[in-house]
Amino acid sequence: MSTDKLELTELLNHRIGQAKSIAILSHVNPDGDALGSALALYHYLRNSGVESKIVMPNDYPDFLKWLPGNENVILFSKKKALAKSIIVNADILFLLDFNVPQRSGKVEEFINASGAYKIVIDHHPKPGDFADFIYSDTLSSSTAELIFRMIELRGDPKLVDRIVATCLYTGIMSDTGSFNFNSSQPETYRVLAQLLKRGIDKDHIYSMVYDNFSESRMRLLGYCLDEKMVVVKKYKTAYLSLTIKEKKLYNYIRGDAEGFVNYPLSIKGVDFVAFFMENDDHIKISFRSKGKIDTNIFASNYFNGGGHVNASGGESKLNLTDTIKKFVSGLPEFMSG
Ligand code: 5GP
Ligand code: MN
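Keep in mind that this is a model prediction, so the values were computed, not measured. Each chain has its residues counted from 1, following the order in which its sequence is written. Here the convention is simple: chains get letters from A, ligands get numbers from 1, in the order in which they are written. With the structure being a predicted model, the display of local features is reserved for residues of pLDDT at least 70 and the display and counting of side-chain atom pairs for 80 or more, all residues being used for whole-chain, interface and lining totals. Remark: hydrogens and water are excluded; side-chain values derive from all non-hydrogen atoms of the structure.

**Brief notes about the site of ligand 1**
And step 1. Taken together, 13 residues lie near ligand 1, and Arg103, His124, Ser286, Arg288 and Gly306 sit nearest.
And step 2. Separating an oxygen atom of ligand 1 from a side-chain N or O atom of His124 is a distance of 3.1 Å.
And step 3. N or O atoms within 3.5 Å of each other form a polar contact, as long as, within protein, one can give a hydrogen and the other can take it, and as long as residues adjacent in sequence are counted only when both atoms are side-chain atoms. With respect to ligand 1, the side chain of Ser286 contributes an N or O atom lying 2.6 Å from an oxygen atom.
And step 4. Each accessible area is a Shrake-Rupley result for a 1.4 Å probe, and residues are judged covered by the shown protein chains and nothing else. Coverage of ligand 1 by the protein amounts to 82% of the 500 Å² it exposes when considered alone.
And step 5. Secondary structure elements are defined from DSSP: runs of H or I of at least 4 residues count as helices, runs of E of at least 2 residues count as strands, and each element is numbered from the N terminus. Of all the secondary-structure elements, those providing two or more residues to the shell around ligand 1 are strand E10 (283-289), strand E11 (306-307) and strand E12 (311-316).
And step 6. Ranked by the residues each element gives to the shell around ligand 1, the list is headed by E12, at four residues.
And step 7. For this scheme, ten residues count as nonpolar: Ala, Val, Leu, Ile, Met, Phe, Trp, Tyr, Cys and Pro. Four count as charged, namely Asp, Glu, Lys and Arg, and the remainder, Gly too, count as polar. Counted by class, the shell around ligand 1 contains one nonpolar, nine polar and three charged residues. Proximity is defined per residue: if any heavy atom of the residue lies within 4 Å of a molecule or strand, that residue is considered near it.

**Regarding the coordination of the manganese ion (ligand 2)**
And step 1. Distances define the donors: N, O and S atoms within 2.8 Å of the metal qualify, as do those within 3.2 Å of Na, K or Ca. Water is excluded, so some sites may look unfinished. The coordination sphere of the manganese ion (ligand 2), as far as protein atoms go, consists of Asp33 (OD), Asp97 (OD), His123 (NE2) and Asp175 (OD), spread over 2.1 to 2.4 Å.
And step 2. Counting gaps between the donor residues of the manganese ion (ligand 2) yields the pattern D-x63-D-x25-H-x51-D. Here His123 is found in the loop between strand E5 (117-122) and strand E6 (133-136), whereas its partner Asp175 is found in helix H6 (residues 162-175), with 52 residues between them in sequence.

**Describing the domain arrangement of the chain**
And step 1. Domain boundaries in the chain define domain 1 (5-210) and domain 2 (215-336).
And step 2. Spacing between the C-alpha centres of domain 1 and domain 2 amounts to 27 Å.
And step 3. Contact between two residues is taken to exist if any of their heavy atoms lie within 4.5 Å; hydrogens are not considered. On the domain 2 side, the residues contacting the 11 residues of domain 1 number eight residues.
And step 4. Throughout, buried area stands for the accessible area (probe radius 1.4 Å) lost by two parts on being put together, summed over both. Counting the surface lost from both domain 1 and domain 2, the interface buries some 850 Å², and carbon and sulfur atoms represent 59% of this.
And step 5. Counted as salt bridges are all cases of a side-chain nitrogen of Lys or Arg within 4 Å of a carboxyl oxygen of Asp or Glu. In this structure, the connection of domain 1 to domain 2 is made through zero salt bridges.
And step 6. At the boundary of domain 1 and domain 2, one finds two residue pairs in polar contact (both at pLDDT 80 or more).
And step 7. A breakdown of the residues in the side of domain 1 that touches domain 2 according to their chemical character gives four nonpolar, five polar and two charged. In this entry, domain limits derive from an automatic or database-based domain assignment.

**What to know about the sheet that holds E6**
And step 1. One open sheet holds the six strands; their spatial order is E3-E2-E1-E4-E5-E6, and the pairing between them is parallel. Every other strand in the sheet has two partners, leaving strand E3 (73-75) and E6 as the edge strands with one partner each. Between one strand axis and the next, the sheet turns through 20° on average, direction left out of account.
And step 2. For two strands to be treated as a pair, DSSP must find no fewer than two bridges joining them. By the bridge criterion, three bridges tie strand E2 (residues 53-56) to E3 in an arrangement that is parallel. Across the sheet, the residue bridging to Met56 is Leu75, located in E3. Note on geometry: axes are lines fitted to C-alpha atoms, helical ones only across the stretch in contact, with angles between N-to-C directions running from 0 to 180 degrees.

**Quick word on helix H2 (residues 32-47)**
And step 1. Each helix should span, by expectation, one fewer than its residue count multiplied by 1.5 Å. Between its first and last C-alpha atoms H2 spans 22 Å; for 16 residues at 1.5 Å apiece the expected length is 22 Å, and the two agree.
And step 2. Note on exposure labels: buried denotes an accessible area under 20% of the residue type's maximum, exposed denotes more than 50%, and partly exposed covers the range between, all computed with a 1.4 Å probe on protein chains only. Of all 16 residues in H2, 14 are buried, a share of seventy percent or more.
And step 3. Where H2 ends, the next residue or the one after it, Gly49, has phi of about 90°, a positive value.

**Structural notes on the pairing of E12**
The two faces of a sheet get side chains in turn, since along a regular strand they alternate between them.
And step 1. The element E12 is extensively covered by neighbouring structure, given that five of its six residues are classed as buried.
And step 2. Bridge analysis of E10 against E12 gives six bridges, and the strand direction is antiparallel. Within the sheet, the bridge partner assigned to Phe287 lies in E12 and is Ser312.
And step 3. Here E11 folds back onto E12 in antiparallel fashion, the turn holding three residues.

Structure, rendered in structure tokens:
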């Protein structure tokens, strides 16, 4: 395991040169960085004359489905047998945008069963030792940024065409909330400048991702903020929640609550936000924070989760009320520390 640059280049040249089947995987509930990185790598490999397959553990929001090559993505949740055989029979598995194998959900057991050479490319803190090679930079904005750097290290920047650049830009934009967080390193903007030189339409990309919701999603946001937001002034915290019933009432589809967690952060004096979403068999939780408040620690201590300093997630098997109680009971220690 190493992140040495020369080693990475040599290793990729050697491994990719010999591989007969390459599979690209990412984490459950794929986001813009997961999908953008995977598709960028897929198109880049194709531009260099190498075919690969993309497997995602489960489905993702419609606002990512316009990405070039989306139709080639195989969902494990829908095509288990095909997905399994691709993973198990691969020579190389690229594992993108996750730092612990559990983040790949039900795909994990097949990653473990695969004899493939496993390469992790990721930017989450504390990468686990679960691959043959790990290219990790926790200061990087996104996995997409790292994919670009990897391509450069291989001496292939010319193979980053408009399509590859569009996928990479979507990844960086998504993981930084449009350059709002995780984006203070000059390197990110050097990469972005390179992507812009490929003639991408950045305003169109923004619009496809953020201006593509239904009317009912907008009304659900209004309801959620007006009727469901609780502000705990003492601990500079706010939280939101949605029940299954409320989701049904607003014709909720996957992705509709994306970004809700960010809104309360714009309240003066609120530094920590949680969003609880009731699903059939678990509560999905998102955390966001300002400054040095490390949501990653809270998520892993209380809700078996993880992520970055200012954006993390986790899960709870308790019911919604008890999950929120557990959250509130953790605030005194976390927000006074
Ligand atoms: P989101 O709140 O947008 O789902 O996720 C924010 C960040 O937290 C992302 O970087 C994502 O990878 C991470 N994350 C979300 N849910 C989980 C989880 O259940 N476990 C871990 N380890 N990380 C998560
Ligand atoms: Mn990411």
